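# A look at the structure
Spelled out, the chains give:
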Amino acid sequence: VQLQASGGGLVQAGGSLRLSCEASGTFISISNMGWYRQAPGQQREMVAIITSRYCTNYADFLKGRFTISRDNAKKMVYLQMNSLQPEDTAVYYCNADIRDRRGTWYAYWGQGTQVTVSS
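Report on the accompanying structure. (Residues numbered from 1 in each chain as written. Predicted model: local features only at pLDDT ≥ 70, side-chain atom pairs only at ≥ 80, totals over all residues. Heavy atoms only, no water.)

## A short note on the nonpolar core
- Counting residues in each nonpolar core, the largest one holds 29 residues, and the members touching the most others are Trp35, Val47, Phe66, Val77, Leu79, Met81 and Tyr92.
- Contributing elements (two or more residues each) for this core: β1 (2-6), β3 (17-24), β4 (29-38), β5 (45-50), β7 (66-71), β8 (76-81), β9 (90-99) and β11 (113-118).
- With five residues, the top contributor of residues to this core is β9. (Core = buried A, V, L, I, M, F, W, Y, C linked by side-chain atoms within 4.5 Å. Buried < 20%, exposed > 50% of the residue type's maximum accessible area, 1.4 Å probe, protein only. Helix = DSSP H or I, 4+ residues; strand = E, 2+ residues; numbered from the N terminus.)

This is the structure:
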């Protein structure tokens with residue numbers, strides 16, 4: 001099972017980016033999917049989570065700027081990021097709780113995608 005994240009890059013303050021993450025491999029099901037980020041010298045923090053029934057939870061610091069969504073048929077999760085600010089600069093990681101072929105749940109992480117916001 002792998003998670004492959006993409007969509008990061010360099011953007012000016014006020015700009016937008018859309019991150020994507022695809023789950024691949026053989027498994028039974030996916031439960032929660034989410035995005036986390038880690039800035040240099042900082043701990044990894046939750047950005048947004050979406051359940052398999054599309055319930056969402058966002059970090060308070062986002063103030064409505066980001067939107068998480070998912071496509072269960074494509075096994076993908078997205079993060080639309082608007083009004084980006086320099087403090088949003090970080091490596092963004094996707095995460096998913098996946099039930100493998102044996103029926104065991106594991107938390108998987110993508111490789112991370114760099115988002116850099118210039119002032």
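Moving on from the coordinates now.
## Describing unusual backbone geometry
- Of note in the backbone geometry, Tyr54 takes a positive phi value of approximately 75° without being a glycine.
- Relative to the elements of secondary structure, Tyr54 occurs in the loop between β5 and β6 (56-58).
- Even without being a glycine, Lys75 presents a positive backbone phi close to 60°.
- You can see Lys75 is positioned in the loop between β7 and β8.
- What makes Lys75 partly exposed here is its relative accessible area of 34%.

## Some words on the state of the cysteines
- Scanning the model with the defined rule gives one disulfide in all.
- Here Cys21 pairs with Cys94 through a disulfide, and the sulfurs are 2.1 Å apart. Taking the sign of the S-S torsion, 50° for the link of Cys21 and Cys94, the bridge is right-handed. Here the residue Cys21 occupies a position in strand β3, and Cys94 occupies one in strand β9, the gap between them amounting to 73 residues.
- According to the relative accessible area criterion, Cys21 is buried, its value standing at 0%.
- Owing to a relative accessible area of 0%, Cys94 belongs among the buried residues under this scheme. (Disulfide = S-S within 2.5 Å.)

## What to know about the pattern of salt bridges
- The tally for this structure, following the rule as stated, stands at four salt bridges.
- The salt bridge involving Glu45 is made with Arg37; its shortest N-O contact spans 2.8 Å.
- With relative accessibility at 6%, the residue Arg37 sits in the buried group.
- Shared partners join several salt bridges into a network, and the residues in it are Arg37, Glu45, Arg65 and Asp88. (Salt bridge = Lys/Arg side-chain N within 4 Å of Asp/Glu carboxyl O.)

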